[in-house]
Amino acid sequence: MDQAQGSAREPVIVGFLCAWCAYLAADAAGMARAGHTPSMRPIRVMCSGRVEPEFVLRALRDGADGVLIAGCHPGACHYVDGNLKALRRFALLQRLLDQFGVERERVQLVWVGAAEAAAFAAAVDRMAAQLRALGPLRWDERVLGGEGAGLDAGNAAVPEDASA
Amino acid sequence: MSARKPRLAMYWAASCGGCEVSLLNIGEKLAALGDAVELVFCPCLADFKLADVQALPDGAIDLCLFNGAVRNSENRQMAYLLRRKSALLVAYGSCAHEGCAPGLANLTTAAAIRETVYRGGPSTDNPAAVVPAEISQVPEGTLELPVLYDTVLTLDQVENVDYYLPGCPPESPRVAEAIGGLVAALAGGAPLPPRGSVLGALETIVCEECPRKRLSRRVERFHRVHEVAPDPKACLLEQGLVCLGVATRGGCGALCPRVAMGCRGCYGAPPGVEDQGGRMVAAIAALTAAGDPEAGGARLREQVDAAMATVVDPAGTFYGYSLAHSLLRRARVTRKAGGEEGRG
Ligand code: SF4
Ligand code: SF4
């Protein structure tokens, strides 16, 4: 049942899009019906450098199959180097997530110009295809709840009343 | 005001005994504390039995200091029992508060740990492959061991917790203030701190108590402690030595950075921070100068990635004390056919 549901469900991507480039590109892609999969839930942020690592962790924990962070090209950041800050965070976060068993395809950083609607749509489609191939993440249920990975049969057990 | 002395219990679940030592370490105040309470349960210090606790009416223990993480079914049952028998339950020390070192087991599984400890360890000599079983038949009858969990839990993940006392172990002067204060309030009928309070710690970060100078220097790479001799006055983090002071609640007096060891994070996340590791990723990134924006896409990514690769074992370092209480809480493990385990 889990498998059937997993393959039927489109992957959920939480997209943190910078207001100056990526969000405009996403908006234009939507207007042009550039066909990017409905997987992405866009969240507009003022700058990709504003995306706290905690936001990404929380999205993964609360049900996202992947997180996309999108900002302006290097040199084109509205706040000079917010996108470089985003890259530094992202590079370390990926190393951290490796240790948690989160595949690298699940958290991606892309740079898009405001006029690059088609390129942005293609990046989302590519990511959705990668996530479809990986299968659902569903951290809360499958990793913490133990479903799927078969972990924690013991954790789930209701304690015997030790005072009995 | 009641005529009897408050009843005190202290119990160790998955712990090392350091928390009991931190209580004994409050010096001459221990005598006063001993006089002020009736100790009803503390297996580390006195010969009480489980049956003694079971025989108490519910809520009969006024104050229970619970240290240690919940790592197996026995810990779980003791948490359940002591919650019911205690009016106030304190998560005492980092293990009960945020999982501490036992919580690092959440990067792997119980089966993998058993394999390493009993069979695969470099110094393990176990030709008959003897591994403890949860149930063993012996001539005298059946022996049972607690079930070792895959996921280490914190006390507040299994029972309601009234107060938290952070630290590995909590600093003894802070213990004296916090526990002494609770006992005095209980004995005198004075108001107690609001439920859920973090006691014996500050609302600010360790950096606020640290005498080292921060000069807003940025670094190209990070070093391990044995690789450099740090400047005695400057901030360790700004010298490329990982220090969790920026992501850790103060209260210890910055003991570790004072002696040139980066804070390991034992007092847990400060107020307003949900995830110590996430906060450290942001702090390290903000400090790193690597990456030439002129270099262009792929080259730029390589430069930044090479700098971040100098932070060895980010999960183990950033969550050394708080993994079990972090946003992700444990690593994802897939079971492959044939029972083999792998990450991801
Ligand atoms: S980062 Fe560490 S060394 Fe630097 S000021 Fe904070 S506690 Fe002190
Ligand atoms: S400096 Fe950090 S690791 Fe050291 S005692 Fe204080 S909180 Fe714990």
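Above this text is the structure in question.
Residues numbered from 1 in each chain as written. Chains lettered and ligands numbered in written order. Predicted model: local features only at pLDDT ≥ 70, side-chain atom pairs only at ≥ 80, totals over all residues. Heavy atoms only, no water.

S.K.: How do you make sense of the site of ligand 1 when you look at a structure like this?
M.R.: Taken together, Cys207(B), Cys210(B), Arg212(B), Arg214(B), Cys235(B), Leu236(B), Leu237(B), Cys243(B), Gly245(B) and Pro257(B) form the complete shell of residues around ligand 1. Across the shell around ligand 1, the residue classes tally to 7 nonpolar, 1 polar and 2 charged. (Near = heavy atom within 4 Å. Nonpolar A, V, L, I, M, F, W, Y, C, P; charged D, E, K, R; others polar.)

S.K.: Would you take a moment to explain the packing of aromatic side chains for this structure?
M.R.: For any pair of aromatic rings, geometry is given as the distance between the ring centres together with the angle between the planes. One pass over the full model with this rule turns up 5 aromatic pairs over all chains. A centroid spacing of 5.7 Å and a plane angle of 85 degrees characterise the contact between Phe100(A) and Tyr319(B), whose relative ring orientation is edge-to-face. Of this pair, Phe100(A) sits in the loop between helix 4 (82–99) and strand 4 (107–111) while Tyr319(B) sits in the loop between helix 12 (314–318) and strand 11 (333–335), which puts the two residues in different chains. Under the relative-accessibility criterion, Phe100(A) is labelled buried at 0%. Ring geometry for Tyr11(B) versus Phe66(B): centroids 6.0 Å apart, planes at 50 degrees, classification tilted. Of this pair, Tyr11(B) sits in strand 1 (residues 7–12) while Phe66(B) is found in strand 3 (residues 61–67), placing the two residues 55 residues apart along the sequence. This pair shows no difference in class: Tyr11(B) is buried, exactly as Phe66(B) is. Every member of this aromatic cluster is reached through a ring pair, and the members are Tyr11(B), Phe41(B) and Phe66(B). The side chain of Arg44(A) reaches across the aromatic face of Tyr23(A), ending 5.5 Å from its centre. (Phe/Tyr/Trp six-rings, centres within 6.5 Å; stacked < 30°, edge-to-face > 60°. Helix = DSSP H or I, 4+ residues; strand = E, 2+ residues; numbered from the N terminus. Buried < 20%, exposed > 50% of the residue type's maximum accessible area, 1.4 Å probe, protein only. Lys NZ or Arg CZ within 6 Å of the ring centre and 35° of its normal.)

S.K.: Is there a simple way to explain the nonpolar core in this structure?
M.R.: As a rule of thumb, nonpolar side chains are buried together in soluble globular proteins. Leu60(A), Phe100(A), Ile284(B) and Phe318(B) are the most contacted members of the largest nonpolar core, which has 71 residues in total. Looking at this core element by element, the count peaks at 8 residues for helix 4 of chain A. Ignoring any residue separated from it by four or fewer positions in sequence, one finds Ile284(B) in contact with Leu92(A), Phe222(B), Leu237(B), Val242(B), Met308(B), Val311(B) and Phe318(B). In this structure, Val40(B), Val53(B), Met78(B) and Tyr164(B) belong to the second largest nonpolar core, which totals 25 residues. (Core = buried A, V, L, I, M, F, W, Y, C linked by side-chain atoms within 4.5 Å. Contact = heavy atoms within 4.5 Å.)

S.K.: For this particular structure, what's the right way to read the site of ligand 2?
M.R.: Lining the immediate environment of ligand 2, one finds Thr248(B), Cys252(B), Cys256(B), Pro257(B), Cys263(B), Arg264(B), Gly265(B), Cys266(B) and Tyr267(B). Residues of the shell around ligand 2, tallied by class, amount to 6 nonpolar, 2 polar and 1 charged.

S.K.: When you look at the state of the cysteines in this model, what are you seeing that I'm missing?
M.R.: A complete count under the given rule lists 1 disulfide over all chains for this structure. Sulfur-sulfur distance for the disulfide between Cys21(A) and Cys72(A) comes to 2.2 Å. Negative torsions about the S-S bond denote left-handed disulfides, and the value of about 100 degrees found for Cys21(A) with Cys72(A) makes this one right-handed. Placement of Cys21(A) in the loop between strand 1 (13–18) and helix 2 (22–31) and of Cys72(A) in the loop between strand 3 (66–71) and helix 4 is noted, with a sequence separation of 51 residues between them. Taken individually, Cys21(A) and Cys72(A) each receive the classification buried, so the pair is uniform in this respect. Residue Cys42(B) stays outside any disulfide, its sulfur separated by 5.6 Å from that of Cys44(B), the closest cysteine. For Cys42(B), a relative accessible area of 1% translates into the label buried. (Disulfide = S-S within 2.5 Å.)

S.K.: Got a minute to help me understand the sheet that holds strand 2 (residues 40–45) of chain A in this structure?
M.R.: Each strand in a sheet pairs with its neighbour through backbone hydrogen bonds, running either in the same direction (parallel) or in the opposite one (antiparallel). All names here are of chain A. One open sheet accounts for 4 strands, arranged 2-1-3-4; its pairing is parallel. On the outer flanks of this sheet lie strand 2 and strand 4, each paired with one strand and no other. Here the strands of the sheet are splayed against their neighbours by 20 degrees on average, with no regard to which way each runs. Sheet topology places strand 3 next to strand 4; 5 bridges connect them, and they run parallel. Bridge pairing in strand 4 places Leu68 opposite Gln108. (Pairing = 2+ DSSP bridges. Axes fitted to C-alpha atoms, helices over the stretch in contact; angles between N-to-C directions.)

S.K.: Could you clarify how one ought to interpret the sheet that holds strand 1 of chain B in this entry?
M.R.: All names here are of chain B. An order of 2-1-3-5-9-10 is seen for the 6 strands of this open sheet, with the pairing classed as parallel. The open sheet has two edge strands with one neighbour each: strand 2 (38–41) and strand 10 (197–198). Sheet analysis places strand 3 next to strand 5 (residues 86–92), joined by 5 bridges and oriented parallel. Opposite Phe66, over in strand 5, you have Ala91 as the bridge partner. Seen against the sheet, helix 4 (residues 73–85) touches strand 1, strand 2, strand 3 and strand 5 and runs at an angle of roughly 135 degrees to strand 5. Contacts from helix 8 (residues 172–188) reach strand 3, strand 5 and strand 9 (163–165) within the one sheet, and its direction differs from that of strand 3 by about 160 degrees.

S.K.: What should I look at first to understand the packing of helix 3 (residues 53–61) of chain A against helix 4 of chain A in this one?
M.R.: Helix-helix packing: each pair is described by the crossing angle between the helix axes and the interaxial distance. Residue and element names in this part refer to chain A. Packing of helix 3 against helix 4 leaves a shortest axis separation of 11 Å and a crossing angle of 40 degrees. Between helix 3 and helix 4, the interaxial angle falls into the category oblique. Classified by chirality, the crossing of helix 4 by helix 3 is right-handed. Seen from helix 3, the contacting residues are Pro53, Val56, Leu57 and Leu60; seen from helix 4, they are Arg89, Leu93 and Leu97. A per-class count over the contact of helix 3 with helix 4 returns 6 nonpolar, no polar and 1 charged. (Parallel < 35°, antiparallel > 145°, perpendicular 65-115°, else oblique. Left-handed = near helix turned anticlockwise from the far one by under 90°.)

S.K.: Before we go on, may I ask you to explain unusual backbone geometry in this structure?
M.R.: Excluding glycine, residues mostly have negative phi values, and the peptide bonds linking residues are mostly trans. The peptide bond linking Cys168(B) to Pro169(B) adopts the cis configuration, its omega dihedral lying at -15 degrees. Among the structural elements, Pro169(B) can be located in the loop between strand 9 and helix 8. Non-glycine residue Val80(A) carries a positive phi angle of around 70 degrees. Among the secondary structure elements, Val80(A) is positioned in the loop between strand 3 and helix 4. Among the residues examined, Val80(A) registers a relative accessible area of 66% and is labelled exposed. Of note in the backbone geometry, Arg138(A) takes a positive phi value of approximately 45 degrees without being a glycine. Take Arg138(A): it is sitting in the loop between helix 5 (117–134) and helix 6 (139–144).

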